[in-house]
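Letter by letter, the chains look like this.
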Amino acid sequence: MRRHAAARFAVLATGAGACGACDYRRGALDPASPDAMLIQILWWVFFWTAAFVFTGVLVALAVALYRGRGRATAQGSSPDVHPDAALERRTERAVLAATALSVVILVSLLLASVFGGRTLFRSPHAPLHAKLVAHQWWWEIQYHGKTASDLVTTANELHLPAGVPVDVELASADVIHSLWIPNLHGKRDLIPGHLSHLVLRPARPGSYEGRCAEFCGLQHAKMDLRVIVEPPAQFSAWLTAARRPAPPPATASAQRGAEIFARGPCGMCHGVVGSKASASAGPDLTHFASRAWLGAGALPNSALNLRAWLEDPQAVKPGVQMPPTRLPAGELDDLLAYLGTLR
Amino acid sequence: MRFTGFAAGVMLLLAGASCRREERRFSEPAARLARPVHAAQQPSGAPVAAFVDNAWSVSEGQRLYGWFNCAGCHSLAGGGGMGPPLRDAEWLYGGTPEAIHRSIVEGRPNGMPAFGTRVPDYQVWQLVAYVLSFSGRLRLDVAPGRPESIALGEPASLTDRKNPRPPAVHP
Amino acid sequence: MTTASERTQNDAREDARLRDELAFTWQLARGLRGWFSETNSQVIARRMLVTAFVFFALGGVEALLMRLQLMQPANHLMGPDRYDQLFTTHGTTMMFLFAVPVMQAAGIYLVPLMIGTRSVAFPRLNAYAYYTYLFGGLLLYVSLFTNTGPDTGWFSYTPLSNSQFAPGKRVDVWSQVVTFTELSALATATNLIVTILKLRAPGMALSRMPLFVWAELVTSFMVVFAMPAVMLASMYLAMDRLVGTHFFNSAAGGDPLLWQHLFWFFGHPEVYIIFLPALGMVSSIVVTFSRRAIVGYLPMVLSLVTTAFMGFGLWVHHMFATGLPQIGQSFFTAASMMIAIPSGVQIFCWIATLWRGKIELRTPLLYVLGFVAIFVLGGLSGVMVASVPLDLQVHDTYFVVAHLHYVLIGGAVFPLLGGVHYWFPKLGGRLLDERLGRVSFALAFVGFNLVFFPMHLLGLHGMPRRVYTYRADAGFGTLNLVATLGVFVLGAGLLVILVNVLRSLARGPVASNDPWRSATLEWSLSSPPPAYGYVHLPCVTGRYPLWEGGIAGVVRDMDPRQRQVLVTSALDAAPDHVYPLPGPSLWPFLAALASGVTIVILLFTPWAVPIGTVLGTICLCGWFWPRAPHEPLLAEQP
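All of the points below concern the structure found in this document.

Here is what the cut-offs are and how they apply
Residues numbered from 1 in each chain as written. Chains lettered and ligands numbered in written order. Predicted model: local features only at pLDDT ≥ 70, side-chain atom pairs only at ≥ 80, totals over all residues. Heavy atoms only, no water. Helix = DSSP H or I, 4+ residues; strand = E, 2+ residues; numbered from the N terminus. Rg over C-alpha atoms; globule rule 2.2 N^0.38 Å. Buried < 20%, exposed > 50% of the residue type's maximum accessible area, 1.4 Å probe, protein only. Pairing = 2+ DSSP bridges. Axes fitted to C-alpha atoms, helices over the stretch in contact; angles between N-to-C directions. Phe/Tyr/Trp six-rings, centres within 6.5 Å; stacked < 30°, edge-to-face > 60°. Lys NZ or Arg CZ within 6 Å of the ring centre and 35° of its normal. Patch = residues over 30% accessible without salt bridge, like charges linked within 9 Å, V, L, I, M, F, W, Y side chains within 5 Å. Areas by Shrake-Rupley, 256 points an atom, 1.4 Å probe, with all protein chains shown as cover. Salt bridge = Lys/Arg side-chain N within 4 Å of Asp/Glu carboxyl O. Lys, Arg positive; Asp, Glu negative; His and termini not counted. Charge placed at Lys NZ, Arg CZ, Asp CG, Glu CD. Contact = heavy atoms within 4.5 Å. Buried area = accessible area lost by both parts, 1.4 Å probe. Polar contact = N/O pair within 3.5 Å; in protein donor to acceptor, adjacent residues only side chain to side chain. Nonpolar A, V, L, I, M, F, W, Y, C, P; charged D, E, K, R; others polar.

**Observations regarding the overall build of chain A**
Inference 1: For chain A, the count of helices and strands is nine helices and twelve strands.
Inference 2: Here the C-alpha atoms of chain A give a radius of gyration of 28 Å, more than 25% beyond the 20 Å that 2.2 N^0.38 yields for 343 residues.
Inference 3: With respect to the three principal axes, the spread of C-alpha positions in chain A is 100 × 45 × 40 Å.
Inference 4: Here chain A, with 343 residues, has 53% of them falling under the buried criterion.

Listed below in structure tokens is the structure:
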């Protein structure tokens, strides 16, 4: 692994340098895992080969035009139906040579691609398991533990430990979605009725964006997955905290909010571990307040945004499967107070 | 000439029906909760037609029927189980759209919960529209197709004799 | 004994008499009823071309609206529902209602003229194909304007397109539009195959056919094999939605992936169906404007055939992200990369022809140069997406949108526009303005690259396809803005072409028979050709008859009182027999109405099946009502 670090850095530097002032370090061109790095290396191999071929073709075309215009000026424009045989043979040999060169280039690229693919999908042993279920239009994430009570269910945020491979089992609850975290790996479709796996091995701590990459309906555009990669110790701390149920609400307002949540429309779809609300049709909200975004990337998670979202989610994400919450102002404040305790 | 006029008329009619059928209404005015009403009090002029003529509303009703676990008692295609069937012509508390709406909102004896405080009114109407499809009372072009039942788990192999595929129980 | 001058005078009088009789026999039907009964292949082809370009304009407007929405992050020009209908209709229009029909229409118009015959083999089937296509397009647009436009993408993946997730009639409309257009394409392909194999001029062996005719022949065979797959797929989808079958429902033994396999088995050959005739146009233009025979005629033909065969073995490259076994994927990677070789051979042959030729740099050739630049770039990005690891990053992103537009616009539309400038004098009888042509090319080329080149970067940076909006902090704003501005430049270029055409039709210089001094047979006719095409059917002895000293000989003693064509043998074009074609007939239009009404009613009730059977039987009986042999076909058919 370490031997290749220098090579990787060299390729990265070349790529970055070649692009000059443009900020190319985004998405697939900003790898944060060995898998994404391999794809990026392959990308630059293909890119420079393509640039070479493209330039070659354009130069040949330009020369052909130059010579052809020259010949037209010199020899007029009577058509040449029986061209000189020897010259024709030379021309045809040139075409053959170009074709042979194309074959060599294509076969080389093919081999690079096939071997790259094999390396990419050589599944390393992954000590950690997670499960990702795609819904219209949010992501459900589960972490299983040794016992049933260790189950963590969360939504729209995938936490991963840096440097530790995680085997993510992928499933879909409704239509075909596609998980795409460009900084970490290629994409994988989540197809109802099929189960698949993707092993993610983030190397660099940070916060990355994942998206749905298969058109899945009205809000395909707002189905973002936030991927948070932390050092293993921090990740373990997070997982331990996530396993705890939501604390009982402390203030009277929050207690009233908890009642409204469980007895009202919220509890018909959402669940909070440790409360009376245990539905699972919508995202689990046990630790909702500690998430950075709401609505799968629709809005940053702030009190103001949450109020707007609750009052009319359809204005933010038209078509989302959550109805407006029509509560009197006091009750809405209580509900917001309760939601704020769900860390 | 007359034929052209007739054809144009037919197209306009179809177009009108099309517009109502295909509308996707994301912001419903009737988003307030359907608080339980006294049995004698009729719900105020609910636009039943707006839901029963709208394919998207019926499809939302289908989704909610699963999400709110109506299927748990009435089963997936309204065949009944713990709860009475919704497919036949026997309605214990009335089978008109308004009566079904009241049953959902108020609850009924022997196990039907009252959803009035928990479900916005327009979603109740979407459920009503879907329930009407069980007894074939929706227009053909609005009626839902068969649901996609998603089996989350290892898909059974067709050649695996040790674990034969369970019989599909779908409408 | 007649003298030489008397013989010439006699011949001239004979020719004049022949012209008059042919004009009478082949006269166009008149009046409103006549308009619907017309079966003359030139007329039908012109209608198809106009209809296809109207759909092109509509698809372009849809693209403009989409780009206006995406110009800025979090834009509110339209919501997701409207946007989804727009991008689906844009794709469906361009792929099903523009690209394939326009290439087939060009074939219907040019192929009979290029092979030295008077009409396609089945004039009534040709008319039926046109009306069916028209009705399919009308269905789509009437639906779009009544909020019933399809909204699940032009390839409509299941289960999103099944009735639970796509309620209403929108997807049903889509699957019926597909049925209409595939029916039309199959009919036209059959027509072209038989025309090309059986109606060629005596002496025009397969090895002497123009490359455009080869391209249309190969394409038509591809249509015959590819279209049934999508008809089947759309039928299964319609059945899942309307009848309750479970083809694509995994919980009951079906599989959503089955849709993808069935669709893409058609979908990949579809792009070659669009692309190959354009290559034929490029060959015609390159030959004419380098004033020489093409370099490597045999490799060119073999490349067309190889591309067609290989095109059927690539479809899984649309499904690399679905988790299919790796070995299978590698096979499709190999095939997808290797198909670049026959295309490469063609590019090298064209460059070689230009290299060894005497070049006249006119507008059609400018568009061909644009084609080479854009298509080669698109093909190279295609080699990139053929690689599984790379595709897993860029699949379903704007990188693929860039790739597909580079190969489709570069590979098909630019040659088509070059072909428009090249053949317009023949079709319209007037010359297009050369200056306006150059301006249109410059605007189109620059505009196109402004729109689509940034999309490569957008895809790599993380912008997926088919999104109606994106966040401001995603960093996609600048490139999207550039792309939208480019649309106006590209649109301006296309508008200049329209202005050029309209101006030319109104008051352009009248075109002679052969304004480009070309080689192939269609340039021996007047511009535009008369309804009967050739006064005497020509015989040929080489590939470039007009350059090899003119037409070698003519067929004599055909009966001008019947609409006769000469049927020749398939390989060597040895004359076989004379065949009388039918004249104008209302049955193709009525049959298209019958099948159209059936298909539309099928959206709503299965009663369409018996209704359609009855209507169809009536129409087929009328269509095939036996004629008395040797009856002069001057009167209109009932």
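This is not the end of the story, as more comes after the structure.
**Brief notes about the sheet that holds strand β5 (residues 166-172) of chain A**
All names here are of chain A.
Inference 1: Taken together, five strands build an open sheet; the order of strands is β3-β2-β1-β5-β8 and the sheet is mixed. Of all strands in the sheet, those bounded by a partner on one side alone are β3 (152-155) and β8 (196-200). Adjacent strand axes in the sheet meet at a mean angle of 25 degrees, parallel and antiparallel pairs treated alike.
Inference 2: Here strand β1 (residues 128-135) pairs with β5 via seven bridges, running parallel. Residue pairing across strands places Val 133 opposite Ala 171, the latter belonging to β5.

**Remarks on the pairing of strand β3 (residues 564-568) of chain C**
All names here are of chain C.
Inference 1: Across the five residues of β3, five count as buried, placing the element largely inside the fold.
Inference 2: The two faces of β3 match: Gln 564, Leu 566 and Thr 568 on one face and Val 565 and Val 567 on the other face are all buried.
Inference 3: With five bridges connecting them, β3 and strand β4 (residues 575-580) associate as antiparallel partners. In the sheet register, Thr 568 faces β4, and the bridge partner there is Pro 575.
Inference 4: Between β3 and β4, which pair antiparallel and follow one another directly, the connecting turn spans six residues, one of which, Ala 573, has a positive phi of 60 degrees.

**Looking at the pairing of strand β4 (residues 157-161) of chain A**
All names here are of chain A.
Inference 1: By the criterion of burial, β4 is predominantly enclosed, with five of the five residues buried.
Inference 2: Here β4 shows no split at all, with Glu 157, His 159 and Pro 161 on one side and Leu 158 and Leu 160 on the other all buried.
Inference 3: In this sheet, strand β10 (residues 224-230) lies alongside β4 in parallel orientation, the contact comprising five bridges. Within β10, the residue paired with Glu 157 across the bridge is Arg 226.

**Section: the packing of aromatic side chains**
Inference 1: Per the counting criterion, the structure on display carries 69 aromatic pairs over all chains.
Inference 2: Ring geometry for Trp44(A) and Phe47(A): centres 5.5 Å apart, planes at 90 degrees, overall edge-to-face. Separated by three residues within a single helix, Trp44(A) and Phe47(A) lie in helix α2 (residues 34-75), roughly one turn from each other.
Inference 3: Residue Trp44(A) is classed as buried on the basis of its relative accessible area, which comes to 7%.
Inference 4: Each residue in the set Phe96(C), Trp154(C), Phe155(C), Tyr157(C), Trp174(C), Tyr236(C), Phe247(C), Phe248(C), Trp259(C), Phe263(C), Trp264(C) and Phe266(C) is aromatic and connected to the rest through ring pairs, giving one cluster.
Inference 5: Taking NZ or CZ as reference, Arg25(B) lies 5.2 Å from the ring centre of Phe51(B), over its face.

**Topic: a nonpolar patch on the surface**
Inference 1: On the surface, Leu495(C), Leu498(C), Leu502(C) and Leu505(C) cluster together to form a nonpolar patch covering roughly 380 Å² of accessible area.
Inference 2: By the secondary structure assignment, Leu505(C) is in helix α16 (residues 477-507).

**Concerning a positive patch on the surface**
Residues and elements named next belong to chain A.
Inference 1: On the surface, Arg 67, Arg 89, Arg 90 and Arg 93 cluster together to form a positively charged patch.
Inference 2: For the positive patch, the element with the most residues is helix α3 (residues 85-120), which contributes three residues.
Inference 3: Along the chain, Arg 93 falls in helix α3.

**Quick look at the environment of Val301(C)**
All names here are of chain C.
Inference 1: By secondary structure assignment, the location of Val 301 is in helix α9 (residues 297-311).
Inference 2: Sequence-wise, Val 301 and Met 209 are 92 residues apart; in three dimensions their C-alpha atoms are separated by 10.0 Å.
Inference 3: Discounting chain neighbours no more than four positions away, the residues touching Val 301 are Leu 211 and Trp 214.

**Digging into the interface of chain C and chain A**
Inference 1: Counting residues at the interface gives 87 residues for chain C, matched by 88 residues for chain A.
Inference 2: Buried surface at the junction of chain C and chain A, summed over both partners, amounts to about 7500 Å²; 69% is from carbon and sulfur atoms.
Inference 3: Per-residue buried area on chain C facing chain A is highest for Arg356(C), Lys358(C) and Gln393(C); these three make up 10% of the total on that side.
Inference 4: There are three salt bridges connecting chain C and chain A.
Inference 5: Arg292(C) is paired through a salt bridge with Glu88(A); the nearest N and O atoms lie 3.0 Å apart.
Inference 6: The interface formed by chain C and chain A holds 31 residue pairs in polar contact (both at pLDDT 80 or more) in total.
Inference 7: When residues of the side of chain C that touches chain A are traced back to their parent elements, those giving at least two are α4 (80-115), α8 (256-289), α10 (326-338), α11 (340-355), α12 (363-386), α13 (388-394) and α15 (434-461) of chain C.

**Quick word on the interface of chain C and chain B**
Inference 1: Each partner contributes to the interface: chain C provides 27 residues, whereas chain B provides 24 residues.
Inference 2: In this assembly, chain C packs against chain B so that about 2100 Å² is buried in total across both faces, 55% of it on carbon and sulfur atoms.
Inference 3: In this assembly, chain C and chain B are joined by two salt bridges.
Inference 4: Two residues, Asp151(C) and Arg24(B), come together in a salt bridge whose shortest N-O distance is 3.9 Å.
Inference 5: Here chain C and chain B share four residue pairs in polar contact (both at pLDDT 80 or more) between them.
Inference 6: Looking at the side of chain C that touches chain B, its residues break down into eight nonpolar, 13 polar and six charged.

**Description of the sheet that holds strand β7 (residues 188-190) of chain A**
All names here are of chain A.
Inference 1: Across the sheet, which stays open at both edges, the five strands sit in the order β4-β10-β9-β6-β7 with mixed pairing between neighbours. Among the strands making up the open sheet, the edge pair consists of β4 and β7. Strand-to-strand twist across the sheet, computed as the mean angle between neighbouring axes with direction ignored, equals 25 degrees.
Inference 2: Along the sheet, helix α4 (residues 232-243) contacts β4 and β10; its crossing angle with β4, the most-contacted strand, is approximately 135 degrees.

**Observations concerning unusual backbone geometry**
Only a minority of non-glycine residues have a phi that is not negative, and only a minority of peptide bonds are not trans.
All names here are of chain C.
Inference 1: A cis amide bond links Thr 158 to the next residue, Pro 159, at an omega of -10 degrees.
Inference 2: In this structure, Pro 159 sits in the loop between α5 (123-145) and α6 (170-198).
Inference 3: Residue Ser 527 is joined to Pro 528 through a cis peptide bond whose omega torsion reads -5 degrees.
Inference 4: The topology assignment puts Pro 528 in the loop between α16 and β1 (538-539).
Inference 5: In this model, Asp 396 sits at a positive phi of 60 degrees, which is unusual for a non-glycine residue.
Inference 6: Following the sequence through the fold, Asp 396 ends up in the loop between α13 and α14 (398-428).

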